[in-house]
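Each chain is listed here by its residues.
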Amino acid sequence: MTDKRGSNELTASAKELARRHGAVLVGVAPLERFDPMPPLYDAVPSGHHPRDYLPDARSVISIAQPLMNPVVDAPAVLATRELEMIPEHVRYPYFEALYGEVGHLVQDYMLEFIAQIIGQHLMGLGSEAMIFPTTGLHPHVEGMTDLDIWEGPPRPGAEKFSPFRYTFGPFSHRHAATRSGLGEFGYSNVVLTREFGPRQRFNSIITDAELVPDPLVTEPICLRCGLCQKACIMECITMRDDPAVRDYRSVETVDREAIFIDTPAKTDPTLCRRRREGRPDSPVRGDCVRVCPVGGRSKQLPERLRQIIDAWESER
Ligand code: SF4
Ligand code: SF4
């Protein structure tokens, strides 16, 4: 058992190391916060609890890197313009790829790198640590197509499919982030922080070291404005108490006054992923993030999102 002073020093050194290597937000959650918590009392699915990876786990460190505003917004704006070097039919995949590289891959790799550095540090001081990929896993399974892996909803005669599908991450960094006091879930099913709104990516490190926890968020961060759900042309984000969209994530009531330690909303990943099939005019992914007013208003937005925000502002 680490004494209080040792625990303070270890926490400070791990946080300093994370920041020095590029984490901008760092928080610590004690293990008790992974027990079901009010108001939604969601239980961690089996195989995804910190103790599933490290039986003596005591703390989870959550780290985040922001997405720069032009990285999020410019691809969406440029995909709607006529451009000299990019013919129209290539614009959408081109800018999706740009966003995927500098709005996903960079942070994914860097956060994994930072997690490894923190894990090594803890290990060197006699503690165990478990680290994770930043995003979901896409396993190859014999007898299943890529589509099965992605979508796999239960349907008659297809009992081999899981209702959770198969591309989830091995550990929820979003749930670790809210439990580490870094932020709150929004109606978008994305975690919002005061600093960057929904514009960051998270990763987590599980350790058996006893670290000093950070306080949970006590004031709402999500404005409950609903712009994220309005902006989604696929209508794939719904509240978990929406009686029209029932599934394993449904709950009777979402208390809109409570802090969203667990998510109040759910996203249909199949609809989101297939947005181009459903709507050939669909924008570069991320409108639910782009439109969110938390974290500062963006300087450049596609016209459709600007109109949604202007209408909301004029009604306030
Ligand atoms: S990325 Fe686009 S399609 Fe997917 S949930 Fe967000 S707004 Fe909807
Ligand atoms: S757009 Fe509004 S409701 Fe949606 S996450 Fe942001 S603040 Fe919350």
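Structural data are supplied above this passage.
Structure report, in brief. (Residues numbered from 1 in each chain as written. Chains lettered and ligands numbered in written order. Predicted model: local features only at pLDDT ≥ 70, side-chain atom pairs only at ≥ 80, totals over all residues. Heavy atoms only, no water.)

## Describing helix H11 (residues 303-315)
Thinking step 1. Between the first and last C-alpha of H11 there are 18 Å, a value that for 13 residues agrees with the 18 Å anticipated at 1.5 Å per step.
Thinking step 2. Residues of H11 that are buried: Leu305, Ile308, Ile309 and Trp312. Along H11, the residues classed as buried sweep out an arc of 90 degrees about the axis, all on the same side.
Thinking step 3. If you follow the buried residues of H11, they end up packed against helix H7 (227-231) and helix H10 (287-290). (Helix = DSSP H or I, 4+ residues; strand = E, 2+ residues; numbered from the N terminus. Expected span 1.5 Å × (residues − 1). Buried < 20%, exposed > 50% of the residue type's maximum accessible area, 1.4 Å probe, protein only. Arc of directions from axis to C-beta. Contact = heavy atoms within 4.5 Å.)

## Regarding the packing of helix H1 (residues 4-20) against helix H4 (residues 88-124)
Thinking step 1. Relative orientation of the contacting elements H1 and H4 amounts to 150 degrees, with a least axis distance of 9 Å. Looking at the two axes, H1 sits roughly antiparallel to H4. Note on packing geometry: the crossing formed by H1 with H4 is right-handed. Side by side, H1 and H4 meet where Leu10, Ser13, Ala14, Leu17 and Ala18 of the first sit next to Ile114, Ile117, Ile118, His121 and Leu122 of the second.
Thinking step 2. For the contact of H1 with H4, the per-class residue count stands at 8 nonpolar, 2 polar and no charged. (Axes fitted to C-alpha atoms, helices over the stretch in contact; angles between N-to-C directions. Parallel < 35°, antiparallel > 145°, perpendicular 65-115°, else oblique. Left-handed = near helix turned anticlockwise from the far one by under 90°. Nonpolar A, V, L, I, M, F, W, Y, C, P; charged D, E, K, R; others polar.)

## Let's talk about the packing of aromatic side chains
Thinking step 1. The tally for this structure, following the rule as stated, stands at 5 aromatic pairs.
Thinking step 2. Both rings, one in Tyr53 and one in Phe132, keep their centres 4.8 Å apart while their planes meet at 80 degrees; by these two values the pair is edge-to-face. On the criterion of sequence distance, the pair formed by Tyr53 in helix H2 (residues 50-53) and Phe132 in the loop between strand S3 (129-131) and helix H5 (146-151) is long-range, its members being 79 residues apart.
Thinking step 3. Since its relative accessible area comes to 26%, Tyr53 is described here as partly exposed.
Thinking step 4. Geometrically, the ring pair formed by Tyr94 and Phe95 is edge-to-face, given 5.2 Å between the ring centres and 80 degrees between the ring planes.
Thinking step 5. Take Tyr94: its relative accessible area is 46%, and that puts it in the partly exposed class.
Thinking step 6. Of the aromatic side chains, those joined through ring pairs into one cluster are Phe34, Tyr53, Phe132 and Phe171.
Thinking step 7. For the cation-ring pair, Arg179 lies above Phe34, with the distance from its terminal atom to the ring centre recorded as 6.0 Å. (Phe/Tyr/Trp six-rings, centres within 6.5 Å; stacked < 30°, edge-to-face > 60°. Lys NZ or Arg CZ within 6 Å of the ring centre and 35° of its normal.)

## Some details on the nonpolar core
Proteins that are soluble and globular tend to have nonpolar side chains buried together.
Thinking step 1. Core analysis: the largest hydrophobic core is formed by 37 residues, its most contacted members being Tyr187, Leu192, Phe202, Leu227, Val291, Leu305 and Ile308.
Thinking step 2. Looking at this core, the elements that each hand over two or more residues are strand S5 (191-192), H7, strand S7 (237-239) and H11.
Thinking step 3. Counting residues per element, this core draws most heavily on H11, which supplies 4 residues.
Thinking step 4. In this structure Tyr187 touches Cys222, Arg224, Gly226, Cys228, Gln229, Ile237, Met239, Arg256, Phe260, Pro264 and Ala265, once residues within four positions along its chain are discounted.
Thinking step 5. Formed by 16 residues, the second largest nonpolar core is a distinct cluster that contains Ala14, Ile63, Ile118 and Ile205. (Core = buried A, V, L, I, M, F, W, Y, C linked by side-chain atoms within 4.5 Å.)

## A closer look at the site of ligand 1
Thinking step 1. Every residue near ligand 1 is listed here: Cys232, Cys236, Ile237, Thr267, Cys272, Arg275, Gly286 and Cys288.
Thinking step 2. The residue makeup of the shell around ligand 1, split by class, is 5 nonpolar, 2 polar and 1 charged. (Near = heavy atom within 4 Å.)

## Overview of the pattern of salt bridges
Side chains that carry opposite charge are capable of pairing whenever their charged atoms lie near each other.
Thinking step 1. Considering all chains together, one arrives at 16 salt bridges under this definition.
Thinking step 2. Note that Glu16 is salt-bridged to Arg20, the shortest N-O span being 2.9 Å. With Glu16 and Arg20 both in helix H1 and 4 residues apart, the pair spans about one turn of that helix.
Thinking step 3. Look at Glu16 and you get partly exposed, because its relative accessible area is 39%.
Thinking step 4. For Arg20, a relative accessible area of 54% translates into the label exposed.
Thinking step 5. Across the pair Lys266 and Asp247 runs a salt bridge, and its minimum N-O distance is 3.6 Å. Taken together, the residues Lys266 in strand S8 (residues 265-267) and Asp247 in the loop between S7 and S8 connect sequence positions 19 residues apart.
Thinking step 6. For Asp247, a relative accessible area of 30% puts it in the partly exposed group. (Salt bridge = Lys/Arg side-chain N within 4 Å of Asp/Glu carboxyl O.)

## Examining the sheet that holds strand S2 (residues 59-66)
Thinking step 1. With antiparallel pairing, the 4 strands of this open sheet are ordered in space as S1-S2-S6-S3. Strand pairing shows two members of the sheet lacking a second neighbour, strand S1 (25-30) and S3, which therefore form its edges. The sheet shows a mean angle of 25 degrees between the axes of neighbouring strands, direction not considered.
Thinking step 2. By the bridge criterion, 3 bridges tie S3 to strand S6 (residues 200-207) in an arrangement that is antiparallel. Of the residues in S6, the one forming a bridge with Met130 is Ile206. (Pairing = 2+ DSSP bridges.)

## Digging into a nonpolar patch on the surface
Thinking step 1. Judged by side-chain polarity, Leu98, Val102, Val106 and Met110 come together as a nonpolar surface patch covering roughly 270 Å² of accessible area.
Thinking step 2. Among the secondary structure elements, Val106 is positioned in helix H4. (Patch = residues over 30% accessible without salt bridge, like charges linked within 9 Å, V, L, I, M, F, W, Y side chains within 5 Å. Areas by Shrake-Rupley, 256 points an atom, 1.4 Å probe, with all protein chains shown as cover.)

## Details of the site of ligand 2
Thinking step 1. Within the structure, ligand 2 sits among 14 residues, and Cys222, Cys225, Gly226, Cys228 and Cys292 are positioned closest to it.
Thinking step 2. Class assignment of the residues belonging to the shell around ligand 2 gives a composition of 10 nonpolar, 3 polar and 1 charged.

## Let's talk about H4
Thinking step 1. An ideal rise of 1.5 Å per residue puts 54 Å on 37 residues; H4 measures up with 54 Å between its terminal C-alpha atoms.
Thinking step 2. The largest bend in H4 comes to about 30 degrees, at Glu101.
Thinking step 3. Looking one or two places after H4, you find Gly126, whose phi comes out positive at around 95 degrees. (Bend = angle between axes of the 7 residues up to and from the residue.)

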